[in-house]
There are 2 protein chains.
Amino acid sequence: MKVLDSPFARKLSAFVTLSEDDLRALSDLYGRRRKYPAGRDMSHEGQKNPVAYILAEGWVCSYKILPSGTRQIVDFQIPGDFLGLRSVLFRTSDHSVEPITRVEASEIIASDLLEAFAKRPRLAAAVLWAASRDEAMVVEHLVGLGRRDAPQRMGHFLLELGARLRLIGRGTKAGFDCPLSQYHLADALGLSSVHVNRVLRQLREDGLCTFRRGQVEFDDYDKLVEMAEFDRSYLDHDGPLLK
Amino acid sequence: MKVLDSPFARKLSAFVTLSEDDLRALSDLYGRRRKYPAGRDMSHEGQKNPVAYILAEGWVCSYKILPSGTRQIVDFQIPGDFLGLRSVLFRTSDHSVEPITRVEASEIIASDLLEAFAKRPRLAAAVLWAASRDEAMVVEHLVGLGRRDAPQRMGHFLLELGARLRLIGRGTKAGFDCPLSQYHLADALGLSSVHVNRVLRQLREDGLCTFRRGQVEFDDYDKLVEMAEFDRSYLDHDGPLLK
DNA sequence: AACCACGGCTAACATGGATCAGTCGGACGC
DNA sequence: GCGTCCGACTGATCCATGTTAGCCGTGGTT
């Protein structure tokens with residue numbers, strides 16, 4: 001039961017049915033578990049020989065800093081998400097990672113991962129599915145930055161986060177706990193923190209959703225979906241072809 | 001020699017040394033070669049059972065249409081690039097593909113690909129490297145949309161395209177042929193076509209680069225690199241760990 | 001030859017969001 | 001208890017970019 005209850009197993013199980021053996025192989029994967037305090041970077045751009053993790057507890061963000069000093073957050077990772085899956089295949093990490101809260105993460109050894117894939121194809125399929133979903137999220141994020149205005153971006157972002165959290169049992173259609181500051185939102189959505197504040201007030205006054213003191217509440221879920229043009233199909237595309 | 005001269009082989013060879021046998025396995029991969037006229041979509045979002053291709057000739061773009069009718073181009077593919085590598089693993093294609101010029105593409109059968117990977121690890125490494133580079137480009141694109149202004153975005157985009165084309169022998173530091181319309185640029189860079197025109201004029205008047213009649217000329221490469229804060233390390237990261 | 005469609009190009013005007021310059025309240029250190 | 005720091009919050013102003021409404025040249029069609 002312990003494994004099944006981990007956010008990672010919950011997420012994968014939502015889309016590929018995993019057997020007892022699959023789950024056991026999954027739990028064998030976890031290497032040493034490490035804790036990181038909030039705030040200090042876990043890795044930064046250009047670092048050599050990086051490690052991959054599965055997030056067990058806490059939130060982190062992956063970002064890039066531009067020469068001008070501004071930053072762009074590419075993605076947030078929540079419990080159950082992979083961290084640095086790509087940078088373990090290639091020698092150089094191409095972005096920095098900052099823990100937003102206190103974090104617990106399990107190290108993943110690349111060779112163990114490949115071995116488990118060879119033995120348990122369904123597990124490989126599930127992990128690939130997760131990686132592909134992450135990529136789809138980045139693309140959707142890109143589309144938002146290019147073609148959505150600030151309120152839509154904000155609404156879309158909160159709805160996506162909510163959907164991801166529900167998958168691991170940390171949120172409902174009513175809302176979720178959210179440790180992000182308005183600066184995090186600004187750096188993710190390509191806005192200034194000042195404007196983030198204005199947009200949040202707007203959403204609150206329009207009765208769409210309320211973000212206050214680390215809590216997101218969806219005041220009118222359907223109306224928010226409509227305003228943000230949120231189409232969640234990119235989050236739960238069909239599983240991989242291999243049965 | 002024929003295989004070695006294909007844009008795909010040139011691109012891969014630039015980063016992973018491939019043996020004669022690797023190259024032979026590569027040429028076996030190519031399935032039926034198909035031609036598509038410019039303009040009509042090759043595939044659209046939501047399509048089932050899509051196919052993967054390697055582009056042999058011509059340019060295409062992958063894009064998403066928003067409910068409002070605007071579109072965001074996620075990426076351009078040029079000869080040697082994969083097309084729909086991810087959508088072959090998953091049942092649904094999550095974006096549309098439009099040929100910009102007349103296109104020739106070779107169909108890739110998923111099972112052939114996996115088989116080739118099993119037999120020729122270096123080939124697998126090379127293809128993975130290419131996929132990873134594509135992902136890094138999407139991330140860089142996202143950062144640009146979030147945190148760079150229009151002239152920087154434009155400069156960055158043209159420099160990146162130039163670097164990619166040089167890799168397959170279709171451009172130099174002096175410039176390259178470019179079949180994109182200003183509308184394509186607008187949809188890729190998240191701008192209006194009017195503003196694209198303004199920005200291009202600006203770059204020309206500043207002596208940085210000239211885009212006219214299907215030709216990009218870098219008038220002052222180094223100054224353009226500096227203005228756009230172009231750091232090409234994301235394009236040629238080290239190869240994968242597996243030797 | 002006349003027509004039309006399309007892409008490049010431009011000016012005038014409108015506006016979303018950035019920037020600047022703060023206030024305020026709560027948490028924390030001493 | 002007092003400073004200090006951080007994040008939320010706000011108003012005033014400015015500017016980058018969008019929008020609207022065209023013109024022009026070219027190439028294709030009838």
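It should be noted that the structure appears before, not after, this text.
Residues numbered from 1 in each chain as written. Chains lettered and ligands numbered in written order. Predicted model: local features only at pLDDT ≥ 70, side-chain atom pairs only at ≥ 80, totals over all residues. Heavy atoms only, no water.

Q: Even after reading the chapter, I still don't get the packing of aromatic side chains, so can you show me in this structure?
A: Geometrically, a pair of aromatic rings is defined through the distance of the ring centres and the angle of the planes. Residues and elements named next belong to chain A. A complete count under the given rule lists 12 aromatic pairs over all chains for this structure. A centroid spacing of 5.6 Å and a plane angle of 55° characterise the contact between Phe 76 and Phe 157, whose relative ring orientation is tilted. Remark: Phe 157 occurs in helix 6 (residues 150-167) and Phe 76 occurs in strand 4 (residues 71-77); sequence separation between them is 81 residues. Aromatic ring contacts, followed pair by pair, group Phe 176, Phe 218 and Tyr 221 into a single cluster. The ring of Tyr 63 has Arg 71 sitting right over it, with the charged end atom 4.8 Å from the ring centre. (Phe/Tyr/Trp six-rings, centres within 6.5 Å; stacked < 30°, edge-to-face > 60°. Helix = DSSP H or I, 4+ residues; strand = E, 2+ residues; numbered from the N terminus. Lys NZ or Arg CZ within 6 Å of the ring centre and 35° of its normal.)

Q: It is not clear to me how the sheet that holds strand 10 (residues 209-212) of chain B should be interpreted in this structure. Could you clarify?
A: Strand pairing within a sheet occurs via backbone hydrogen bonds; the two strands may be parallel or antiparallel. Residue and element names in this part refer to chain B. Read from one edge to the other, the open sheet built from 4 strands follows the order 8-9-11-10, with strand pairing classed as antiparallel. In the strand order of this sheet, the two ends are held by strand 8 (171-172) and strand 10, each with one partner. Where strand 9 (residues 175-177) meets strand 11 (residues 215-218), 3 bridges bridge the pair, whose relative direction is antiparallel. From the neighbouring strand, Phe 176 faces strand 11, where its bridge partner is Val 216. (Pairing = 2+ DSSP bridges.)

Q: Explain the pattern of salt bridges here, please?
A: All names here are of chain A. Scanning the entire structure with this criterion turns up 33 salt bridges over all chains. One salt bridge in this structure joins Asp 22 and Arg 120, with 2.7 Å as the shortest N-O distance. Placement of the pair is Asp 22 in helix 2 (residues 20-29) and Arg 120 in the loop between helix 4 (110-119) and helix 5 (121-147), with a sequence separation of 98 residues. According to the relative accessible area criterion, Asp 22 is buried, its value standing at 2%. Residue Arg 164 is joined to Asp 81 by a salt bridge in which the shortest nitrogen-to-oxygen separation is 2.6 Å. With Arg 164 in helix 6 and Asp 81 in the loop between strand 4 and strand 5 (82-83), this residue pair connects regions lying 83 residues apart in the sequence. Here Arg 164 and Asp 81 have matching classes, each one buried. Among the charged side chains, a network of salt bridges with common partners joins Lys 11, Asp 75, Asp 81, Arg 133, Asp 134 and Arg 164. (Salt bridge = Lys/Arg side-chain N within 4 Å of Asp/Glu carboxyl O. Buried < 20%, exposed > 50% of the residue type's maximum accessible area, 1.4 Å probe, protein only.)

Q: Help me understand the environment of Arg 170 of chain B, please; the structure alone is not making it clear to me.
A: All names here are of chain B. By the element assignment, Arg 170 lies in the loop between helix 6 (150-167) and strand 8. Between the C-alpha atom of Arg 170 and that of Pro 79, which follows or precedes it by 91 residues, the distance is 9.4 Å. The contacts of Arg 170, once residues within four sequence positions are left out, are Pro 7, Ala 56, Glu 57, Pro 79, Leu 165 and Phe 176. (Contact = heavy atoms within 4.5 Å.)

Q: Can you help me understand the protein's contact with DNA strand D in this one?
A: By nearness alone, 15 residues border DNA strand D, and Gln 182 and Arg 201 of chain A together with Ala 150, His 195 and Arg 198 of chain B come closest of all. Close to the protein, within 4 Å, the atoms of DNA strand D belong to sugar or phosphate groups at a rate of 63%. Gly 190 of chain B is positioned with one of its backbone polar atoms (N or O) 3.4 Å from a phosphate oxygen of DNA strand D. Contact between DNA strand D and Ser 192 of chain B: a phosphate oxygen at 3.1 Å from a main-chain N or O atom of the residue. Listing elements by their share of the surface near DNA strand D, those giving two or more residues are helix 7 (182-189) and helix 8 (193-205) of chain A together with helix 8 (193-205) of chain B. If you tally residues by element for the surface near DNA strand D, the top one is helix 8 of chain A, at 4 residues. A per-class count over the surface near DNA strand D returns 5 nonpolar, 6 polar and 4 charged. (Near = heavy atom within 4 Å. Polar contact = N/O pair within 3.5 Å; in protein donor to acceptor, adjacent residues only side chain to side chain. Nonpolar A, V, L, I, M, F, W, Y, C, P; charged D, E, K, R; others polar.)

Q: Would you mind showing me how to read the sheet that holds strand 8 (residues 171-172) of chain A here?
A: With antiparallel pairing, the 4 strands of this open sheet are ordered in space as 8-9-11-10 (chain A). Two strands lie at the open edges of the sheet, namely strand 8 and strand 10 (209-212) of chain A, each paired on one side alone.

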